[in-house]
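Remarks on the overall topology
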Amino acid sequence: MHPVPKFAIPRDPLTITRAVEPRKPFTVAGERAAILGQQSGEFEAWLFPVKVLSRFRISAEIENYPVPIDVTEQAAAIEVSPAMTTITYSHAAFTVKQRMFAPRGSEPGLVALFEIQSVRRMTLTFQFRPDMERMWPAPNFGIPNAEWVKQSGSGYYVLHTDNPDVSAAVAIPDAQPGILAPYQERPKTWPVEFRLFFDPAVGTRFFYPLLIAPSPSPVELARLNDRIPQLWTETRQYYAHFFDTRLRSETPDAQFDQALQWAEISIDQGRVRFHDETGLIAGYYSSGDSARPGFAWFFGRDSLWTSWALNSYGDFGLTRQIMEFLIRRQRADGKIMHEFSQTADLVDWKSTPYFYAAADATPLFIMAMEDYVNASGDTAFLRKNWDAVRRAWTFTRSHDTDEDGIYDNAEGTGWVESWPAVPGNPGGMPHQEIYLAALDEQSADAMSRLAALTGDASLASAARQQAGLIRRTVESEYSDAGTQFYAFSRNANGSLDRSATIFPAVAWWTGRWSLPRGDNMLNRWASPEFSTDWGTRDLSDRTPFFDPISYHQGSVWPLYTGWVSLAEFRAGRTLSGYSHLMQNMDLTWAQDPGAVTELLSGAFFQPLGRSSSHQIWSSAMALTPAVRGVFGVDVDALHNAIHLAPHLPATWNHATLRNVPVGNVSVDLEFTRDAGRLKVSTKGNVCLAPANQECRIPTQELSLALPDAEVEIPHGLPLPGSPPGQLKVTGERVSANGIYYDFQAPAGATYDLPLRLNRVGIRASGAEIAGNVLRLRFPAGEGWQTLSVNLTW
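Because the structure is a prediction, the values reported are computed rather than measured.

Here we take up the overall build of the protein. Across its full length, the protein carries 16 helices and 45 strands. Its C-alpha atoms give the protein a radius of gyration of 28 Å, near enough to 28 Å, the size a compact globule of 793 residues would have. Along the longest, intermediate and shortest principal axes, the C-alpha atoms of the protein span 85 × 65 × 55 Å. The 793 residues of the protein split such that 61% are buried.

What follows concerns helix α5 (residues 300-313). Across its 14 residues, α5 extends 20 Å between first and last C-alpha, which sits within 8% of the 20 Å expected from 1.5 Å per residue. The largest bend along α5 measures about 30° and falls at S307. Most of α5 is tucked away, with 14 of its 14 residues classed as buried. G314 sits one or two positions beyond α5 and adopts a positive phi of about 100°.

Moving on, we get to the nonpolar core. Ranked by size, the top nonpolar core spans 255 residues in total, and within it W305, W563, I642 and L776 carry the most contacts. With 11 residues, helix α10 (residues 434-453) is the largest single contributor of residues to this core. Setting aside chain neighbours within four positions, we find I642 in contact with V633, D634, V635, V660, V662, V667, L669, V686, C687, L688 and A689. With 7 residues, the next largest nonpolar core counts V556, L587, A590 and L600 among its residues.

Right, let's get into the packing of aromatic side chains. Counted according to the given criterion, the structure contains 65 aromatic pairs. Ring geometry for W305 and W509: centres 5.0 Å apart, planes at 85°, overall edge-to-face. A residue pair is termed long-range when its members are at least 10 positions apart, and W305 in helix α5 and W509 in the loop between β29 (496-497) and α12 (519-526) qualify at 204 residues. Comparing W305 with W509, the two get one shared label, buried. Sitting above the plane of the W136 ring, R292 keeps its charged end 4.4 Å from the centroid.

Taking strand neighbours across the sheet as the criterion, the 4 strands line up as β39-β40-β45-β42 in an open arrangement whose pairing is antiparallel. Two strands in the sheet have a free side with no partner beyond their single neighbour: β39 (728-735) and β42 (763-765). On average, adjacent strands in this sheet sit at an angle of 15° to one another, irrespective of strand direction. Looking at chain direction, strand β40 (residues 738-746) and strand β45 (residues 784-792) are connected through 9 bridges and run antiparallel. Each bridged residue has a counterpart across the sheet, and for Y740 the counterpart in β45 is N790.

Turning next to helix α4 (residues 254-268). Since the α-helix turns once every 3.6 residues, residues separated by three or four places project in the same direction. Between its first and last C-alpha, α4 extends 21 Å over 15 residues, near the 21 Å set by a 1.5 Å rise per residue. When you tally the buried positions in α4, you get 12 out of 15 residues, the bulk of the element. Listing the buried residues of α4 in full gives F256, D257, A259, L260, Q261, W262, A263, E264, I265, S266, I267 and D268. For α4, the side-chain oxygen to backbone nitrogen distance between the N-cap and Q255 is 3.1 Å, and the N-cap itself is D253.

Examined against the element boundaries, R246 turns out to sit in the loop between α3 (228-240) and β19 (248-250). There is a polar contact of 3.0 Å between the side chain of R246 and the backbone oxygen of F242. Setting aside residues up to four positions removed in sequence, R246 forms contacts with Y238, E264, D268, R271, Y313, D315, R658 and N659.

The subject of this paragraph is the environment of N311. Here N311 is to be found in helix α5. For N311, a relative accessible area of 2% corresponds to the buried category. The spacing of N311 and A709 is 398 residues in sequence and 33 Å in space, taken between C-alpha atoms. Not counting the four nearest positions on each side in its chain, N311 is found in contact with F316, T319, A368, D371, Y372, A375, R628 and P661.

In this section: the pairing of strand β20 (residues 271-274). Sheet analysis places β20 next to strand β21 (residues 277-280), joined by 4 bridges and oriented antiparallel. Each bridged residue has a counterpart across the sheet, and for R271 the counterpart in β21 is L280.

It is worth spelling out the state of the cysteines at this point. Summed over the entire model, instances satisfying the criterion amount to 1 disulfide. The side chain of C687 participates in a disulfide bridge whose partner is C695; the two sulfur atoms lie 1.5 Å from each other. Its S-S torsion of approximately -85° makes the covalent link between C687 and C695 left-handed. Taking relative accessible area as the criterion, C687 reaches 6% and is therefore assigned buried.

A few words now on unusual backbone geometry. The step from F48 to P49 runs through a cis peptide bond, and the omega angle for that step is 5°. Its location among the elements puts P49 in the loop between β5 (43-47) and β6 (50-62). At N640, a residue that is not glycine, the phi angle is positive and equals roughly 50°. In this structure, N640 sits in the loop between β31 (633-636) and β32 (641-644). Backbone geometry at N692 places phi at a positive 65°, although glycine is not the residue there.

Relative to the helices and strands, H643 resides in strand β32. When residues no more than four places from it in sequence are discounted, the contact partners of H643 are G632, V633, D634, D636, A689, P690, A691, Q693, E694 and C695. Engagement of the side chain of H643 in a polar contact is seen with the backbone oxygen of P690, the distance being 3.5 Å.

Reading guide: rules and limits
Residues numbered from 1 in each chain as written. Predicted model: local features only at pLDDT ≥ 70, side-chain atom pairs only at ≥ 80, totals over all residues. Heavy atoms only, no water. Helix = DSSP H or I, 4+ residues; strand = E, 2+ residues; numbered from the N terminus. Rg over C-alpha atoms; globule rule 2.2 N^0.38 Å. Buried < 20%, exposed > 50% of the residue type's maximum accessible area, 1.4 Å probe, protein only. Expected span 1.5 Å × (residues − 1). Bend = angle between axes of the 7 residues up to and from the residue. Core = buried A, V, L, I, M, F, W, Y, C linked by side-chain atoms within 4.5 Å. Contact = heavy atoms within 4.5 Å. Phe/Tyr/Trp six-rings, centres within 6.5 Å; stacked < 30°, edge-to-face > 60°. Lys NZ or Arg CZ within 6 Å of the ring centre and 35° of its normal. Pairing = 2+ DSSP bridges. Axes fitted to C-alpha atoms, helices over the stretch in contact; angles between N-to-C directions. Polar contact = N/O pair within 3.5 Å; in protein donor to acceptor, adjacent residues only side chain to side chain. Disulfide = S-S within 2.5 Å.

In structure tokens form, the structure reads like this:
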């Protein structure tokens, strides 16, 4: 093995560069391995499904400088690009760059390249704890033995366990071992160390690679060493051409465009090989002293909720892979799995309570199949897997214990995994949730069209009737005329848990249904009762058991924010929909650079300590409402059509959406404002049509009427630790002679909102029109104040 002559590392235009925040995380993920660390540079390394090492740190001794230096404490800058993450350690006497990447493709290994500059010769000590710990819940072997193997003046460590099939090799070319306790010493666990002597007269020409490989073979380790330039080139090229075929946007808001691209990359980094399969894991986060690296195993509902984003940006291949992964594990009675660890095959996974714990993946599977078919036009995949779809449908229909026509929690949880006791339900856990009921309606609706595509007219009719029954039953059982809100759940005795939650928002997900009495509910979701400045809580803060740091009773999940955002766009609440979307998008830069976290406090802007910092469906919720809400894209590849209901921000004169997938082709959509109308055009061979209208006459250009007045709401996350305090749009209504808004903000606040007037003679009441802004002045006093603004003509 040998140091690697330096090669060029071009800067990726998507690179996120910032000063280090030592306690915040970073993720370097590949299909077979990952480095999960803190921005201090300390990390743990996984060769799936084994945590090889952790607590990686660096120290330095500089010639004629009699003070030991903790290099890790000198972490100064972090650069995150799709292919590589770099930590820069900065000291007056040296600079060390720690460049980490996970090779794409079949190579099972990890590489960190150390680029060193120094004013004097020095010795660097690289220290780590050997773990060799298999991912939860597989049994493990205790503390591994680190054996130093000499080779060509240097050597490498082999990390042994009691199982000869579980070992790894770790090397730094030209390094010597550190502590090697002799046999005579008392038993004690020492850190494993590499000591590297660096001479700037020679060493600045090289990268010193940290090599982590699953095989202790010196041949395999040397092969990994020799292939570093090639592996880096292959990895960089994968991301350099990532958007050649995948969707991207070009808008006046560069941050919007970057967030959209990072969402796709973040999702793709959840792609993990499992033997001869590929699945989508749920999320990453350092495991610490545990064997659980966030949620880095396979979940049914996580991958299915994410599939709408995959279909939106055109990775139909990954959608098929995750669907096939679930179908292979579909239970004989039709139920779709909930979760499957990367070490599930090493234990009796079927005997655990996790495999089929949740009920929602089964209706989601049917919904996701229809979305895939609509976007891809791939009816062959549907027919190939029609038996799996039918069995999922049969499962939902056979789990209705109270016979009201709605799939219930008879076997498995709906959304919540814990819930306090409420009147009428002393056991706490719900019997039937509005969340499951909404999915059941949409899966029945989807099933009616899927069955028609396969030629089963009888099933298509039965599913269509079932969807109608569910809609009527939801209205009769869940709609509360008093609170003008839909109840959270229905108890077995027929009583309701009337807790106000965001879960009814999923009823708008596919765009084919909406809750007809949802106006007041939408107002409240947009208000400080639910909406923070970084997303929506799942539970009203007026609820007696509201707890902003709980898992299910008051925290903020970007997943929920995405549900609400898309519901708002579909319901005509475009300003609040945009505000919530941008909260998710802005989280791209907030914690784990390039990724969106799992959940945050419902009281202060801060992720929870156990939040998976790189959560796949959170990134999906920065993308799906953008494509299907802001741009209003609804693809119908079966009829070679795109239906459109765009809601561009008022300041955007022009936008382009590139590589919109329509079956086997992709097209660019150009959005241009022109004299109070929005023109949408394409050169692709597809038919454009307004939303909910058939594409009867092929056309490649639409001219859509714009509102007579358009307002834009600002976005941007608050400082960490802040409570909610930003502008909310709690009402939005358009009539023939005006647009009516209700705003909420802290007392005394003022805002100048961008305003576009698409007709003359518009008057404002409750606010002032000052040129191209709408000036809001909230009343003095205390707490949140409401301002009603009418723009009339």
